[in-house]
Amino acid sequence: MLRLLARRLLMSVPILVIVTLVVFFLLEIAPGDPARRAAGGEMASAADVAEARRRLGLDEPLWTRYWHFIEGLFTGDLGQSIFSGQPVLSAIAERVPVSLSLMAGALTVAMLIAVPAGIIAATRPGSIADRVVMLISAGGVAMPNFLIGLLLVLVFALQLGIFPATGYVPFEQSPAGWFQALVLPSVALGVAAAAEIARFLRASMLDVLDQDYIRTARAKGIGVRSVLGKHAMKNAFAPVLTVLGLQVRILIGGTVVIEQIFNLPGLGSLTVKAVFDRDYPIIQGVAISAALVVVVTNILVDVAYGYLNPKLRAA
């Protein structure tokens, strides 16, 4: 397992380097001039724009700026926001707990829905329960998360008044308020993930339940729960880990929309504001943070897969 972890860590280094290159040079060719924005907009004089360009370091050669960017990554200095002057790391650190809480809540919702649904569908193939699960799963995948979020706000916030429609309460301020504020956005973000995981778990379970060792266990008189819990679930869940890793990437993108709908002060809302302001240091910092989350998630998935599938450890 340690060798597997070491190999995955080494493989993540070139991935992060490629991400920094893509992010930096895409922003370089993106429309808009951050120097003009920082100087006051379209009405700014050429002298003011030139001064802003010099102050922001945009007058330096491209590769020099990229090298400074890489140096900042290793020293923990990602620069400052063009408009607020706040250090990028500080701005990200303030909003990371919100986005991570939302993603953790969405994954929790997804697993609470997907695991029972997938097992029920797999153990009763062709039944009404199986068809209902597959129908709901297809609807969950097809329905956009922003539409689900708006419907949840309309029903559970505006009509029933059970949960707040918008806003966020820090956990240290009020655990109950934190939980209530995250319920609707977590459900809105987690429904599509639950549908995808349920479909994949059903297919994996059907394949495992058709294996000879499962039929042998049943022939020995072992109960259904023991067969599912001790024999089927471990082998069926290994491929599902791949889907979980992919869902994390999708959830990162989904937080941008959900945080706007529910007015959550997370990385998604920070990114949207930075894009409109052409605040390149903030955009770069958020992009690198998201890439780091994806890389760490992939490493954890690979390690967990290696634990469930020993053949992978020697690969």
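Residues numbered from 1 in each chain as written. Predicted model: local features only at pLDDT ≥ 70, side-chain atom pairs only at ≥ 80, totals over all residues. Heavy atoms only, no water.

Participant: Please give an account of the UniProt feature "transmembrane region" (unreviewed entry) in the protein chain that cites residues and values.
Facilitator: Taken from the UniProt record, the annotation "transmembrane region" (unreviewed entry) applies to residues 9-27, 98-120, 132-158, 178-198, 236-262 and 282-308. In residues 9-27, helix accounts for 100% and strand for 0%; the two terminal C-alpha atoms are 27 Å from one another. Annotated as 100% helix and 0% strand, the span residues 178-198 places its first and last C-alpha atoms 28 Å apart. (UniProt positions renumbered as here; feature names shortened; annotations may be inferred. Helix = DSSP H or I, 4+ residues; strand = E, 2+ residues; numbered from the N terminus.)

Participant: Kindly report on the packing of aromatic side chains, identifying the contributing residues and their values.
Facilitator: One pass over the structure, following the stated rule, counts four aromatic pairs. When the centroid spacing of 6.0 Å and the interplanar angle of 90 degrees are considered together, the rings of Trp63 and Tyr66 count as edge-to-face. Of this pair, Trp63 and Tyr66 both sit in helix α4 (residues 62-75), separated by three residues, roughly a single helical turn. According to the relative accessible area criterion, Trp63 is exposed, its value standing at 58%. Among the aromatic residues, ring-to-ring pairing joins Phe25, Trp63 and Tyr66 into one connected group. (Phe/Tyr/Trp six-rings, centres within 6.5 Å; stacked < 30°, edge-to-face > 60°. Buried < 20%, exposed > 50% of the residue type's maximum accessible area, 1.4 Å probe, protein only.)

Participant: Residues and numbers for the packing of helix α5 (residues 88-123) against helix α6 (residues 128-142), please.
Facilitator: Between α5 and α6, whose axes approach to 8 Å, the crossing angle comes to 135 degrees. Of the possible angle classes, the one that applies to α5 and α6 is oblique. Every pair of crossing elements has a handedness; the one defined by α5 and α6 is left-handed. Facing α5, whose interface residues are Ala117, Ile120 and Ala121, α6 presents Ala129, Asp130, Val133 and Met134. Residue composition of the contact of α5 with α6, grouped by class: six nonpolar, no polar and one charged. (Axes fitted to C-alpha atoms, helices over the stretch in contact; angles between N-to-C directions. Parallel < 35°, antiparallel > 145°, perpendicular 65-115°, else oblique. Left-handed = near helix turned anticlockwise from the far one by under 90°. Contact = heavy atoms within 4.5 Å. Nonpolar A, V, L, I, M, F, W, Y, C, P; charged D, E, K, R; others polar.)

Participant: Before we move on, could you go through helix α7 (residues 145-159) and cite the residues and values that matter?
Facilitator: Taking 1.5 Å of rise per residue, the 15 residues of α7 would be expected to cover 21 Å, and the 20 Å separating its terminal C-alpha atoms lies within 8% of that figure. Those residues of α7 lying buried are Asn145, Ile148, Gly149, Leu152, Val153 and Ala157. Downstream of α7 by a residue or two, Gly161 has a phi angle that is positive, lying close to 65 degrees. (Expected span 1.5 Å × (residues − 1).)

Participant: Kindly report on unusual backbone geometry, identifying the contributing residues and their values.
Facilitator: Positive phi, normally seen in glycine, also occurs at Asn263, with a value near 55 degrees. In this fold, Asn263 is placed in the loop between α10 (224-261) and α11 (267-277).

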